[in-house]
Amino acid sequence: MYFGYFEVVRSEKALLAYLFLSTLFMEIILRWQSGEQFLGMGLFFSALFCLALVLLTMSLLHLMNWRFARIAIRIWLFLLTAFFVGQFVYYAIFKTYFTLYSMFHGGQAASFYKLVIDFMIRDPRWILLFLPLILFPFVSKIATWVTRGGFVDYGLLFVLSVLVLMTCLRLFTYGERNTSHLIFSKVDTRVSVHELGMVGNGYGEIARQVVPTYKEIYFAPESSVIPGREANVAYDLGKLLEGEEDAALAELTSHLLSKEPTSKNIFTGRLSGYNLIYVIAESFSDLAVREDVTPTLYRLMNEGVQFENFYNPLWGVSTTDGEYAALTGLYPVPGIWSMVESKDHHLPHTLGNQLKNLGYHSDAFHNHSSTYYQRDKTHENFGYNFYAIGRGLELENVWPASDEEMFRKSFPFYMDQSPFSIYYLTVSGHMGYDFKNNAMSIRHQDKVEHLPFSEEAKAYLACHVELDLALEKLLAELQEKQLLEKTILVVHGDHYPYALRQSSMEELAGKPVEGFDRYKSKIIFYSPGLKDVKVRKLSTVVDLLPTLSNLMGLQYDSRLMMGRDVFSPSKPHVQFADGSFLTPQGS
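Note that this is a predicted model, so its numbers are computed, not measured. (Residues numbered from 1 in each chain as written. Predicted model: local features only at pLDDT ≥ 70, side-chain atom pairs only at ≥ 80, totals over all residues. Heavy atoms only, no water.)

K.L.:
Can you walk me through the overall build of the protein in this structure?
P.N.:
Scanning the protein for helices and strands turns up 22 helices and 16 strands. Computed over C-alpha atoms, the radius of gyration of the protein comes to 27 Å, within 12% of the 25 Å expected from 2.2 N^0.38 for 587 residues, which places it in the range of a compact globule. Going through the 587 residues of the protein one by one, you find that 55% of them count as buried. Residue pairs in contact within the protein that sit at least 24 positions apart in sequence constitute 77% of those at least 6 positions apart. With an accessible surface of roughly 26,600 Å², the protein has 58% of that area assigned to carbon and sulfur atoms. For the protein, the separation between the mean place of its 51 positive charges and that of its 61 negative charges on side chains is 4 Å. (Helix = DSSP H or I, 4+ residues; strand = E, 2+ residues; numbered from the N terminus. Rg over C-alpha atoms; globule rule 2.2 N^0.38 Å. Buried < 20%, exposed > 50% of the residue type's maximum accessible area, 1.4 Å probe, protein only. Contact = heavy atoms within 4.5 Å. Areas by Shrake-Rupley, 256 points an atom, 1.4 Å probe, with all protein chains shown as cover. Lys, Arg positive; Asp, Glu negative; His and termini not counted. Charge placed at Lys NZ, Arg CZ, Asp CG, Glu CD.)

In structure tokens, the structure reads:
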């Protein structure tokens, strides 16, 4: 009799308990690593999802011949262990977890094997994840395995566990989050893993591929904002809404109609016709700026526009998401590679496309592989002629590659093509920070030996000397071509230097770095046309596109950007990947 007695399950209770506790044990190791709150409803849901996974696995295994099943269960446990170890190491490096999307798109990440080894040595707790696999041969000798039946037993229990799980997801709301929302909506992976567990997060990823997340219900806005004469708008959204038949686009257009556009101000068009050089520098922050080590960075940061409350969030896919936010003025979507997904989209508001349409020469340069994150397919859509290693740019074969060499070899492409819009994505500041494997840190070790810092902190400074030299060469070239007076130079990091230990960040900062402070930085926003300008309001990466668009007098629609022109009277808002935020009223 199956229902009520579950004879096979009762006979295999030791094996079932071991697999359940093994999976839960791995979840606990990840919670321990994250440093987030350990106890709570997140641990409860982790246990429920682990139980459901084990019941489903046992049900499927009992469809097999028992000899094959005993081999398959070992393979399953090995693959589960490898998955959790991979997540542990990935989090140690990137401070987030990889998604199923990234698993199938990120093969090139294996090229950073030295970095992986370094972080595995730095935090060896991943070894604990192998304990269930190591102990399993001993457990399997004493645990009973029923050779017949079992599929229905476990199948019924699996269905029951899913019903209980779904009921709990609907009933419980904790930490101001609806747990069912975490399953069916795209949220930051760190939040999902903490509150549902790794297994629950995986279920959510699969569920979102099967169940449409958008409900085709159109809600008309309560009120639409009528743009004033001085508003930065480019489209008649009301007219577009009238003829829109797609429910999703209609709802989006309605939302945009309800947004207050930014207005033109005293800075509008102030740098019209200027050349633009936009640099997203790997892991750059004001921690890398010292007058005695990086004098060019120091000069540019202190002589340019002072952004006193600038924050640089870390998104789910680190560099490419930071790049996407800066180039589009939009927040990246969790769980996917937003930049890659945008490659076939119409992006008229990127600076590359806006300026290219005005007759600017538009180039982008990157001193790493042209195909990494599929940039060979994305950056032309942003409005640039794209050059990188393997695509028209030949550089010395070292890791990380030289920023100075890339800048120097790029000058012939555009210096005689004014007006120009140039974009650089650098890598010299890439982790890991040591004097063994980082070619740029080794190259400039002598510049930092006198400093009373740890090796990691000194290596971080040393590799940014290369960026300093690159910008020094850039300024000299612009001066020689008599272009400096009519050029805007913007430099900021793709994300904060998350690979640095907390202690190293505090060494360089000279003070404790806690909470939102880790994201706070300064940027280089330099132009001789802007003197003695300070921006005291909160600002972030997505604000730079509308700010530059307004400064250069471009015709753009501010409602289509999530950022705001920092010189406008609009209310500032800084959003972070986990849903937290900063406003003048608080966080």
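K.L.:
Would you mind showing me how to read the side chain of Glu 12 here?
P.N.:
Within the secondary structure, Glu 12 sits in the loop between helix 1 (7-11) and helix 2 (13-34). Of the buried charged residues, Glu 12 lacks a salt bridge, with Arg 70 as the closest side chain of opposite charge at 7.6 Å. A polar contact of 2.7 Å, which involves the side chain of Glu 12, links it to the side chain of Tyr 154. Setting aside residues no more than four positions away along its own chain, Glu 12 makes contact with Met 58, His 62, Thr 144, Trp 145, Val 146 and Tyr 154. (Salt bridge = Lys/Arg side-chain N within 4 Å of Asp/Glu carboxyl O. Polar contact = N/O pair within 3.5 Å; in protein donor to acceptor, adjacent residues only side chain to side chain.)

K.L.:
What am I meant to see in the sheet that holds strand 6 (residues 361-369) here?
P.N.:
Sheet strands pair by backbone hydrogen bonding; their relative direction is either parallel or antiparallel. Sheet architecture is open: 7 strands sit in the order 8-7-6-9-3-10-12, paired in mixed fashion. Sheet topology places strand 8 (392-393) and strand 12 (524-526) at the edges, where each strand pairs with a single neighbour. Together, strand 3 (275-281), strand 9 (420-425), strand 10 (487-493) and strand 12 form the strand contacts of helix 20 (residues 455-480), whose direction differs from that of strand 10 by roughly 175°. Along the sheet, helix 22 (residues 544-551) contacts strand 3, strand 10 and strand 12; its crossing angle with strand 12, the most-contacted strand, is approximately 0°. (Pairing = 2+ DSSP bridges. Axes fitted to C-alpha atoms, helices over the stretch in contact; angles between N-to-C directions.)

K.L.:
What is the right way to look at the side chain of Ser 46 in this model?
P.N.:
Relative to the elements of secondary structure, Ser 46 occurs in helix 3 (residues 41-61). Among the polar contacts listed, one links the side chain of Ser 46 to the backbone nitrogen of Gly 197, at a separation of 3.5 Å. Apart from residues no more than four positions distant in its own chain, Ser 46 is found in contact with Leu 24, Glu 27, Arg 31, Leu 196 and Gly 197.

K.L.:
What is the right way to look at the environment of Val 164 in this model?
P.N.:
Within the element layout of this structure, Val 164 appears in helix 8 (residues 151-171). For the pair Val 164 and Ala 52, spaced 112 residues apart in sequence, the C-alpha to C-alpha distance is 9.9 Å.

K.L.:
Would you take a moment to explain the nonpolar core for this structure?
P.N.:
Buried together is how nonpolar side chains tend to be arranged in soluble globular proteins. By size, the foremost hydrophobic cluster in this structure holds 125 residues, and its most contacted members are Met 58, Ile 277, Phe 284, Tyr 414, Tyr 424, Leu 471 and Leu 474. Once residues within four sequence positions are removed from consideration, Tyr 414 is found in contact with Ile 277, His 361, Asp 363, Phe 365, Phe 420, Ile 422, Tyr 424 and Leu 474. Membership of the second largest hydrophobic core comes to 47 residues, among which are Leu 276, Ile 523, Phe 525 and Leu 554. (Core = buried A, V, L, I, M, F, W, Y, C linked by side-chain atoms within 4.5 Å.)

K.L.:
For this particular structure, what's the right way to read the pattern of salt bridges?
P.N.:
Oppositely charged side chains can pair when the atoms bearing their charge come close. Counting across every chain of the model gives 20 salt bridges. For the salt bridge of Asp 557 with Arg 559, the shortest nitrogen-to-oxygen distance reads 2.9 Å. By the burial criterion, Asp 557 is buried, and Arg 559 matches it. Among the ionic contacts, a cluster of salt bridges with common partners joins Asp 118, Arg 122, Glu 456 and Arg 501.

K.L.:
Got a minute to help me understand the layout of surface pockets in this structure?
P.N.:
A probe as big as a water molecule, rolled over the atoms, marks out the empty space that is left. Approximately 1,200 Å³ is the volume found for the second largest pocket. Ser 34, Gly 35, Glu 36, Tyr 91 and Arg 518 are the residues nearest the centre of the second largest pocket, which is lined by 48 residues in total. Put simply, the parts of the chain that give the lining of the second largest pocket at least two residues each are helix 2, helix 3, helix 4 (66-94), helix 6 (113-122), helix 10 (189-210) and helix 21 (502-509). With 7 residues, helix 10 is the largest single contributor of residues to the lining of the second largest pocket. (1 Å grid on protein atoms, 1.4 Å probe; cavity = no way out; pocket = protein on both sides within 12 Å on 5 of 7 lines; lining within 4 Å. Points joined across faces, edges and corners; volume = space filled by probe spheres on them.)

K.L.:
Help me understand the packing of helix 2 against helix 4 in this model?
P.N.:
Packed helix pairs are characterised by how far apart their axes lie and by the angle those axes make with each other. Two elements in contact, helix 2 and helix 4, have axes whose closest approach is 10 Å; the angle formed by their N-to-C orientations is 5°. On the basis of their axis angle, the class for helix 2 and helix 4 is roughly parallel. Along the contact surface, helix 2 presents Leu 15, Leu 19, Thr 23, Met 26, Glu 27, Ile 29, Leu 30, Gln 33 and Ser 34, while helix 4 presents Ile 73, Trp 76, Leu 77, Leu 80, Thr 81, Phe 84, Gln 87, Phe 88, Tyr 91 and Ala 92. Along the lines of polarity and charge, the residues of the contact of helix 2 with helix 4 split into 13 nonpolar, 5 polar and 1 charged. (Parallel < 35°, antiparallel > 145°, perpendicular 65-115°, else oblique. Nonpolar A, V, L, I, M, F, W, Y, C, P; charged D, E, K, R; others polar.)

K.L.:
Any chance you could explain helix 8 here in plain terms?
P.N.:
It helps to recall that an α-helix has 3.6 residues per turn; residues three or four apart then point in one direction. Compared with the 30 Å implied by 1.5 Å per residue over 21 residues, the 30 Å span of helix 8 between its first and last C-alpha is a close match. Those residues of helix 8 that fall on the buried side of the exposure criterion are Asp 153, Tyr 154, Gly 155, Ser 161, Leu 165, Cys 168 and Leu 169. (Expected span 1.5 Å × (residues − 1).)

K.L.:
Mind showing me how you'd approach the packing of aromatic side chains here?
P.N.:
Think of a pair of aromatic rings as described by two things: how far the centres are apart, and how the planes are tilted against each other in angle. Across all of its chains, the model carries 32 aromatic pairs by this definition. Relative to Tyr 203, the ring of Phe 49 lies with its centre 5.8 Å away and its plane at 40°, an arrangement referred to as tilted. One end of the pair, Phe 49, is in helix 3; the other, Tyr 203, is in helix 10, and 154 residues separate them in sequence. For Phe 49, a relative accessible area of 4% puts it in the buried group. Centre to centre, the rings of Trp 315 and Tyr 331 are 5.4 Å apart; their planes meet at 50°, and the pair counts as tilted. Here Trp 315, found in the loop between strand 5 (310-311) and helix 14 (318-328), pairs with Tyr 331, found in the loop between helix 14 and helix 15 (338-341); they are 16 residues apart in sequence, far enough to count as distant. Summarising the burial analysis for this pair, Trp 315 and Tyr 331 share the class buried. (Phe/Tyr/Trp six-rings, centres within 6.5 Å; stacked < 30°, edge-to-face > 60°.)

K.L.:
Sorry if this is basic, but what is going on with unusual backbone geometry here?
P.N.:
In most cases, non-glycine residues show a negative phi, while peptide bonds are predominantly trans. Each neighbour pair has its own omega, and for Trp 399 with Pro 400 the value is -10°, a cis peptide bond. In this structure, the amide linkage connecting Ser 418 to the following residue, Pro 419, adopts the cis form with an omega of 0°. With a phi angle near 55°, Ser 283 is a residue other than glycine that sits in the positive phi range. Mapped onto the fold, Ser 283 is located in the loop between strand 3 and helix 13 (295-303). According to the relative accessible area criterion, Ser 283 is buried, its value standing at 3%. Even without being glycine, Gln 482 reaches a positive phi, approximately 60°. Residue classification places Gln 482 among the exposed residues on the basis of a relative accessible area of 72%.

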